[in-house]
Amino acid sequence: MTATRTMTLNMGPQHPSTHGVLRLVLELDGEVVVKCVPHIGYLHTGIEKGLESKRFQQGIPLTDRMDYLAPLSNNLALVLAIEKALGITVPERAQTIRILLTELTRIKSHLVWLGTHAMDMGAMSVFIYCFRERETILDLYEAVSGQRMMSSYFRVGGVAVDLPPGFEDKVQAFLTAFPARLAEYEALLTANPLWRQRTVGIGTISREDAIALGVSGPALRACGVLYDVRKAHPYSGYERYQFEVPLGKAGDVYDRYVVRMAEMRQSHRIAIQALERLAPGPINVADPKLIPPPKHLLKRSMEALIHHFKLYAEGFSVPAGEVYQAIEAPKGELGTYLVSDGGNRPYRVHFRAPSFVNLQALPAMVKGRLVADVVAVIGSLDIVLGEIDR
Amino acid sequence: MGEPETRIENRGEAQAESLVLQRLREQFREAMLEVRVWRNETTVVLAPHDLVRVCRFLRDDPDLAFDFLSDVTGVDRLSLPEASPRFEVVYHLYSLQYRRRLRLKVRVNEGQAVPTVTGVWETANWHEREVYDLFGVPFDGHPDLRRILMPDDWEGHPLRKDYPVEASPKWWEEEPV
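Per chain, the residues get numbers from 1 upward, laid out in the order the sequence is written. By the order in which they are written, chains take letters starting at A while ligands take numbers starting at 1. Two thresholds apply to this predicted model, a pLDDT of at least 70 for residue-level local features and 80 or more for giving and counting side-chain atom pairs, whereas whole-chain, interface and lining totals are computed over all residues.

Honestly, the overall build of chain B in this entry has me stumped. Any pointers?
Each helix and strand counted, chain B has 3 helices and 7 strands in total. Where helices and strands are cited, they refer to DSSP runs of H or I of at least four residues and of E of at least two residues respectively, numbered from the N terminus. Secondary structure elements in chain B, listed N-terminal to C-terminal, are α-β-β-α-β-β-β-β-α-β. Here a residue counts as buried when 20 or more other C-beta atoms sit within 10 Å of its C-beta, as exposed when there are 12 or fewer, and as partly exposed otherwise, the C-beta atoms being derived from the backbone. Expressed as a percentage of the 177 residues in chain B, the buried residues total 36%. By sequence separation, contacts in chain B at least 24 residues apart represent 51% of the contacts at least 6 residues apart. With C-beta atoms placed from the backbone, a contact is any residue pair whose C-beta atoms sit within 7 Å.

As structure tokens, then:
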């Protein structure tokens, strides 16, 4: 009997389809993948370690850099965990702003996924269109926070500043134009025989395996498992919004595509409701121990001056204890595990990054498939290495 | 900030969680070293040698069905008032069916191994590698215990409290000028 000769191929860390710096060591028999071993860590920046030396409010910009396609979702995961440990709820307007912006973030993140995923498989034009829409959302980001990407807009206790004048109209204009644009993209891909050949029945994972591997987000829902943190454990008032959780059936690349496309429609729906709910009101909790007093009070009120000084000199402290707060980020369940020792800095922060866990399922999805399918499957998982390596 | 709890996510939760504790107490009274409920979250501390059988029970019991392991991570307790045993490995369990979370913990000292739960939930594989990499806690019976985020030849475990935030080991020899 002759021994089978397999070839080892290094895919990445500089391969365009690996969406960052992911390295896969593929063992190939001809063009068929026998074994796939992901190597990660190239983007490890010690965000969790860094957070331990920053005060609670100061840590927010670091989280932007995890899933850099959805910075506000990361902000939200951290501030909600701190707020849970503090035992506070932010005012209605702040909650609505948070929902509006994180749903726009979901659309923005899914647009990058769609564009790059399609480009990986040779459909160039989709990429250009998707980035056009994404740019509009980045403009909205810039309008609220001054930053296109690393916006760090949410704060413990609310948001950084109120929405700028005319913001609602800009969002409205985007929301009006978006459904037709989305329909255009779908027209390019959904029924396209080339697209279907590359995606239907590829990278399939069963419901049981997906659960055992801890897969979450659209990749889990594409297997028909109903788990969306927004529905299961509503935060920021999601229980007051009407929306559906799109489900797939086959758990293949195509179903993940269908689920995410439908999710953009639902996010659009939520954003419209949030815009309607957006009523004037405070954007921060009325607690001077958490939120700096208005500037004009500093020269007149001794109390305000003291609070201002204390906040900027040492921040606030969080009662000793531990919490786990999960949110439904565009990639899946983004969980923050926060341990406080009662001081003004977190004792330990850990992020359950959805991409980290979802990537672990990749070897199971590509085993026995062609190299070209590996590209399709990575795209369909929608991973961001910044979040995987943290 | 002694405000009362304001975020009650699910009215039935408080009652349902006590069901988890009830079932656990029936089966593993002697294995539960500590139980804590804070901010509507339940934490159960177990002895390392009881971990796997308790996890298997939690996953397989039809009334509990913790089929989804959300997360595994570690805490170095070096700078906490109670610093021994030094390391804590924290498991966040989730039941997709009952929408319930539970936190399990085991505590070990330097060099002491924690039994792997990869046999119960496959997803624990990478999480445990991360804890091993960043805290230096070994996992007994793990199928592939290698560093995951740091380079293979890295010295030290960055998330330990005695590992400096800014200094890093030298990677290269500087040439004399």
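Would you take a moment to explain unusual backbone geometry for this structure?
All names here are of chain B. The omega torsion across S84 and P85 is -5°, close enough to zero to call that bond cis. With respect to the helices, strands and loops of the structure, P85 is situated in the loop between β3 (68–76) and β4 (87–95). Phi at N40 takes a positive value of approximately 65°, unusual for a residue other than glycine. Among the secondary structure elements, N40 is positioned in the loop between β1 (32–38) and β2 (41–46).

When you look at the sheet that holds strand β8 (residues 348–352) of chain A in this model, what are you seeing that I'm missing?
Within a sheet, adjacent strands bond to each other through the backbone by hydrogen bonds, running parallel or antiparallel. Residue and element names in this part refer to chain A. When DSSP locates at least two bridges between a pair of strands, those strands are taken to pair. The antiparallel open sheet is built from 3 strands, whose spatial order is β6-β7-β8. Strands at the two margins of the open sheet, each flanked by one partner only, are β6 (321–329) and β8. Here the strands of the sheet are splayed against their neighbours by 15° on average, with no regard to which way each runs. Pairing analysis gives 5 bridges linking strand β7 (residues 332–340) to β8, with the strands arranged antiparallel. Bridge pairing links Y337 to H350 in β8. Lines fitted to the C-alpha atoms define the axes, with helices restricted to the stretch that makes contact. Angles between their N-to-C directions range from 0 to 180 degrees.

Teacher, can you tell me more about the packing of helix α4 (residues 92–120) of chain A against helix α15 (residues 371–381) of chain A here?
Angle between the axes and distance between the axes are the two parameters that describe a pair of packed helices. Residue and element names in this part refer to chain A. Remark: α4 packs on α15, axes separated minimally by 9 Å, with the N-to-C direction vectors making an angle of 180°. Overall, the two elements α4 and α15 adopt an arrangement that is roughly antiparallel. Contacts between α4 and α15 involve T116, H117 and D120 from the first element and V375, G379 and S380 from the second. Among the residues forming the contact of α4 with α15, the class breakdown is 1 nonpolar, 4 polar and 1 charged. In what follows, roughly perpendicular refers to angles from 65 to 115 degrees, roughly parallel to angles under 35, roughly antiparallel to angles over 145, and oblique to any angle outside these ranges. Residue polarity is assigned by list, with Asp, Glu, Lys and Arg as charged and Ala, Val, Leu, Ile, Met, Phe, Trp, Tyr, Cys and Pro as nonpolar; anything else, Gly included, falls into the polar class.

I tried to follow the confidence of the model for chain A on my own but got confused; where do I start?
Caution applies to low-pLDDT regions: their predicted coordinates should not be interpreted in detail. Values of pLDDT, ranging from 0 to 100, describe the predictor's confidence in every residue of the model. Per-residue confidence for chain A gives a mean pLDDT of 90, with 99% of residues at or over 70. Ranking the helices and strands of chain A by mean pLDDT puts β8(A) first, with 94, and strand β1 (residues 7–11) of chain A last, with 88.

Can you help me understand the nonpolar core in this one?
One broad rule of soluble globular proteins: the nonpolar side chains tend to lie buried together. All names here are of chain A. Joining buried Ala, Val, Leu, Ile, Met, Phe, Trp, Tyr and Cys residues through C-beta atoms within 7 Å gives a set, and that set is a nonpolar core. Counting 154 residues, the largest nonpolar core has I82, A210, I327, L362 and V377 as its most contacted members. With 12 residues, α4 is the single largest residue contributor to this core. If we ignore the near neighbours within four places in the chain, the residues touching I327 are S73, L76, A77, L80, V229, Y235 and L334.

Please clarify how helix α3 (residues 124–135) of chain B should be interpreted in this entry.
Given 3.6 residues to a turn, an α-helix orients residues that are three or four positions apart in the same direction. End to end, α3(B) covers 16 Å across 12 residues, agreeing with the expected 16 Å (1.5 Å per residue, within 8%). The buried fraction of α3(B) amounts to 12 of the 12 residues, a majority that puts the element mostly inside the structure. Among the residues of α3(B), B:A124, B:N125, B:W126, B:H127, B:E128, B:R129, B:E130, B:V131, B:Y132, B:D133, B:L134 and B:F135 are the ones counted as buried. Contacts made by the buried residues of α3(B) are with α13 (354–359) of chain A together with β3, β4 and β7 (139–140) of chain B. The first or second residue beyond α3(B) is B:G136, which carries a positive phi of 75°. The span expected for a helix works out to 1.5 Å for each residue beyond the first.

Looking at this structure, I do not really get the interface of chain B and chain A. What am I missing?
Accessible area lost when the parts come together is the quantity often used to give the size of an interface. Contact residues are listed per partner, giving 34 residues for chain B and 38 residues for chain A. Within the residue set of the side of chain B that touches chain A, elements represented by two or more residues are β3, β4, β5 (100–108) and α3 of chain B. Counted by class, the side of chain B that touches chain A contains 16 nonpolar, 6 polar and 12 charged residues.

I would appreciate a short explanation of the sheet that holds β1(A) in the present structure.
All names here are of chain A. Across the sheet, 3 strands lie side by side as β1-β2-β3; this open sheet has antiparallel pairing. One side of each edge strand has no neighbouring strand; the edge strands of this open sheet are β1 and β3 (32–39). The sheet shows a mean angle of 20° between the axes of neighbouring strands, direction not considered.

Is there a simple way to explain α4(A) in this structure?
All names here are of chain A. If you check α4, its first and last C-alpha atoms are 42 Å apart, about what 29 residues at 1.5 Å a residue would give, namely 42 Å. When you tally the buried positions in α4, you get 27 out of 29 residues, the bulk of the element. Looking one or two places after α4, you find G122, whose phi comes out positive at around 95°.

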